[in-house]
Amino acid sequence: MTDREVAGGFQEVYNDFWLRYRDRQPREASPEWERMHTQAVVLKRKYPLLEEAINRMVTELIERARGRGRKEKDFHRPPR
C-alpha cells in the first residue's frame, strides 16, 4: 500500500465507520447491526493492514452496546 492508501484507509475506518457508531451502537440483530458488520467486513477486505484495528473497534462497539465498553468518561485524566 502507498502512503496515500494507508492515510485513506485510516480516514475511512475512523471517520466513516468509528464516528458513525461510537456514540450510537445499533441493537444486536437489527438491520443497522447487520450494516455495521457488513461495513466492517468490507473495510477489512479493502484495508488488510487495518484488520486488527477494525476487529478491535467492532469488539468495543459490541461491548458498549452491552453496557460494558469503555466510554470517554471511564478514562482517568491526570490532574493539571
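Whatever comes next refers back to the structure up there.
Rules used in this analysis
- Residues numbered from 1 in each chain as written.
- Predicted model: local features only at pLDDT ≥ 70, side-chain atom pairs only at ≥ 80, totals over all residues.
- Heavy atoms only, no water.
- Helix = DSSP H or I, 4+ residues; strand = E, 2+ residues; numbered from the N terminus.
- Buried < 20%, exposed > 50% of the residue type's maximum accessible area, 1.4 Å probe, protein only.
- Expected span 1.5 Å × (residues − 1).
- Contact = heavy atoms within 4.5 Å.
- Axes fitted to C-alpha atoms, helices over the stretch in contact; angles between N-to-C directions.
- Parallel < 35°, antiparallel > 145°, perpendicular 65-115°, else oblique.
- Left-handed = near helix turned anticlockwise from the far one by under 90°.
- Nonpolar A, V, L, I, M, F, W, Y, C, P; charged D, E, K, R; others polar.

Caption draft 1: Looking closely at unusual backbone geometry. In this structure, Ala29 takes a positive phi of about 70° despite not being glycine. Here Ala29 shows up in the loop between helix H1 (3-21) and helix H2 (31-46). You can call Ala29 exposed: its relative accessible area is 68%.

Caption draft 2: Seen up close, H1. With 19 residues, H1 extends 26 Å between its outermost C-alpha atoms, agreeing within 8% with the 27 Å of an ideal straight helix rising 1.5 Å per residue. Where H1 is concerned, the buried positions are Gly9, Glu12, Val13, Phe17, Trp18 and Tyr21. Lining the buried residues of H1 we find H2 and helix H3 (51-65).

Caption draft 3: Highlighting the environment of Leu61. Summarising the element assignment, Leu61 is placed in helix H3. Residues Leu61 and Met36 lie 25 residues apart in sequence; the distance between their C-alpha atoms is 9.8 Å. Apart from the residues lying within four places of it in its own chain, the contact partners of Leu61 are Phe17, Trp18, Tyr21, Arg22, Gln25 and Met36.

Caption draft 4: Representation of the environment of Gln39. With respect to the helices and strands, the residue Gln39 is situated in helix H2. Residue class for Gln39 comes out buried when judged on its relative accessible area of 17%. Other than its neighbours up to four places away in sequence, Gln39 contacts Asp16, Phe17, Arg20 and Tyr21.

Caption draft 5: A look at the packing of H2 against H3. Running from amino to carboxyl end, H2 crosses H3 at an angle of 165°, the nearest separation of the two axes being 9 Å. Classified by the angle their axes make, H2 and H3 are roughly antiparallel. In this structure, H2 crosses over H3, and the sense of that crossing is left-handed. Only Glu51, Ile54, Asn55, Val58, Leu61 and Ile62 of H3 make contact with H2, whose side of the interface consists of Trp33, Met36, His37, Ala40, Leu43 and Lys44. Of the residues assigned to the contact of H2 with H3, the class counts are eight nonpolar, two polar and two charged.

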